[in-house]
Amino acid sequence: MTTQPVDEKLKRSAEHAQEAAEQTQEAAENTQEAAEHTQVAAKTTATATVQLKDSADRRTELAANRTVFAAERTYAAWVRTGLAALASGIGAKKLLEGVVPDWMIISTGSVLIFFSAFCFAAAVWRQLFQGAQVPEPDVPRIPPFLFVAFNGFLALVSLAALFSLWFG
C-alpha cells in the first residue's frame, strides 16, 4: 500500500516535470524569436542611422544652396537700391528745377548719387565677405571678379553723374 501513494507522487512529479519542460521549451522558442526580432531591429536601426546621416548631409547641402541664393538676392537688392538712388539723383535736377534753390537741388542730387555709389560698393562687400564659411554648395557661384567689374563700372557711372550734376 505504501507503494501506491509513492507511485502517484512520482507520477505527479513526472507530469510536473513534463509541464516544466514544455514551458521551458516555449520560453526558449520565445527567447529565440525575441533574439531574431532584436537582430532585425538592430539592422533596421543601423540602416536608419545611415539614411539619417545621408539625409542630414543632404539637408546641409541644400541649406548651403539656399545661402548662396539668398546672398545673390541680397546683392541684387543692393544694386537695385543703388540704381534707384542714381536715377533719383540724376532726375532731381530736372524735377526740382525752379521749385527749390539750386544749392538744394545740387546737395539732394549729390547725396542720392553718393548713396548709389555706396550701395554699389556695399553690394560687392556683402557678396565677397559673407562671414562664416558655409558648406560647399551644389550650385555654381558667380565669379567674384564679375561683381567687382560690374559694380566698379556702376560706381564710375555714379561719379560721372555727380560731375555732370555739379558742372553740367
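In the block above lies the structure referred to throughout.
About the thresholds
- Residue positions are given per chain, counting from 1 as you read along its sequence in written order.
- In keeping with the predicted nature of the model, local features appear solely for residues at pLDDT of at least 70, side-chain atom pairs appear and are counted solely at 80 or more, and the whole-chain, interface and lining totals rest on all residues.
- Hydrogens and waters are ignored; side-chain quantities use all the structure's heavy atoms.
- Only the stretch in contact is used when fitting a helix axis, every axis being a line fitted to C-alpha atoms; angles between N-to-C directions are given from 0 to 180 degrees.
- Here a strand is any run of E in DSSP of at least two residues, a helix any run of H or I of at least four, and the numbering for each starts at the N terminus.
- For classification purposes, angles smaller than 35 degrees are called roughly parallel, those larger than 145 roughly antiparallel, those between 65 and 115 roughly perpendicular, and all remaining angles oblique.
- Note on contacts: a residue pair qualifies if any of its non-hydrogen atoms lie within 4.5 Å across the two residues.
- The classification used treats Ala, Val, Leu, Ile, Met, Phe, Trp, Tyr, Cys and Pro as nonpolar, Asp, Glu, Lys and Arg as charged, and all other residues, Gly among them, as polar.
- Here, nonpolar core refers to any group of buried Ala, Val, Leu, Ile, Met, Phe, Trp, Tyr and Cys residues whose side-chain atoms link them within 4.5 Å.
- Only protein chains enter the accessibility calculation, which uses a 1.4 Å probe; a residue is then buried when its area is under 20% of its type maximum, exposed when over 50%, and partly exposed in between.
- Counting of polar contacts relies on pairs of N or O atoms within 3.5 Å, with two restrictions inside protein: one atom must be capable of donating a hydrogen and the other of accepting it, and residues adjacent in sequence are counted only when both atoms are side-chain atoms.
- Patch membership needs two things, relative accessible area over 30% and no salt bridge, and members are linked within 9 Å if like-charged or within 5 Å if nonpolar (Val, Leu, Ile, Met, Phe, Trp, Tyr).
- For accessible areas, the Shrake-Rupley method is used with a probe of radius 1.4 Å. Any residue's cover is judged against the shown protein chains and nothing else.
- Salt bridge, as applied in this entry: a Lys or Arg side-chain nitrogen positioned within 4 Å of an Asp or Glu carboxyl oxygen.
- Under this rule, positive means Lys or Arg and negative means Asp or Glu; His and the chain ends count for nothing.
- To locate a charge, the coordinates of NZ of Lys, CZ of Arg, CG of Asp or CD of Glu are taken.
- A pair of Phe, Tyr and Trp rings is counted when the ring centres sit within 6.5 Å of each other, with Trp represented by its six-membered ring. The angle between the planes then sorts it: under 30 degrees is stacked, over 60 is edge-to-face, the rest tilted.

**Student:** Sorry if this is basic, but what is going on with the packing of helix H2 (residues 102-128) against helix H3 (residues 144-167) here?
**Tutor:** Between two packed helices, what matters for the description is the angle formed by their axes and the separation of those axes. Running from amino to carboxyl end, H2 crosses H3 at an angle of 175°, the nearest separation of the two axes being 9 Å. Judged by the inter-axis angle, H2 sits roughly antiparallel to H3. Taken together, the residues of H3 that come into contact with H2 (itself represented by Ile106, Gly109, Ser110, Ile113, Phe114, Ser116, Ala117, Phe120, Ala123, Val124, Gln127 and Leu128) are Pro144, Phe147, Val148, Asn151, Leu154, Ala155, Ser158, Ala161, Leu162, Leu165 and Trp166. Of the residues belonging to the contact of H2 with H3, the class tally is 17 nonpolar, six polar and no charged.

**Student:** How should the nonpolar core be read in this particular structure?
**Tutor:** Where a protein is soluble and globular, its nonpolar side chains tend to be buried together. Ranked by size, the top nonpolar core spans seven residues in total: Tyr75, Val79, Phe120, Ala123, Val124, Phe147 and Leu154. Of all elements in the fold, only helix H1 (3-96), H2 and H3 reach the threshold of two or more residues within this core. Sort the elements by how many residues they give to this core and H2 lands first, with three residues. Once residues lying within four places of it in the same chain are set aside, the contact partners of Phe147 are Tyr75, Val124, Gln127, Leu128, Ile142 and Gly152.

**Student:** Can you help me understand the side chain of Asn65 in this one?
**Tutor:** Structurally, the position occupied by Asn65 is in helix H1. Within the local environment of Asn65, its side chain forms a polar contact with the backbone nitrogen of Val139, the two atoms lying 3.5 Å apart. Not counting the four nearest positions on each side in its chain, Asn65 is found in contact with Pro137, Asp138 and Val139.

**Student:** Could you clarify how one ought to interpret a nonpolar patch on the surface in this entry?
**Tutor:** Together, Ile106, Phe114, Leu156, Leu159, Phe163, Trp166 and Phe167 give the surface a local cluster of nonpolar side chains, amounting to about 740 Å² of exposed area. Taken together, the elements giving at least two residues each to the nonpolar patch come down to H2 and H3. The biggest single contributor to the nonpolar patch is H3, with five residues. Residue position: Phe163 is located in helix H3.

**Student:** Is there a simple way to explain a negative patch on the surface in this structure?
**Tutor:** Together, Glu15, Glu19, Glu22, Glu26, Glu29, Glu33 and Glu36 line one region of the surface with negative charge. Within the secondary structure, Glu26 sits in helix H1.

**Student:** How do you make sense of the packing of aromatic side chains when you look at a structure like this?
**Tutor:** Within a pair of aromatic rings, the relevant descriptors are the distance that separates the centres and the angle that separates the planes. All told, the structure shown has eight aromatic pairs when counted by the stated rule. On the numbers, 6.0 Å between centres and 75° between planes, the contact of Trp78 with Phe118 is edge-to-face. Residue Trp78 is located in helix H1, and its partner Phe118 is located in helix H2; the two are separated by 40 residues in the primary sequence. The partly exposed category is assigned to Trp78, whose relative accessible area is 24%. On the accessibility criterion, Phe118 (47% relative accessible area) is partly exposed. A connected cluster of aromatic rings, assembled from ring pairs, spans Phe114, Phe163, Trp166 and Phe167.

Don't take any of this as a statement about function, it's just geometry.
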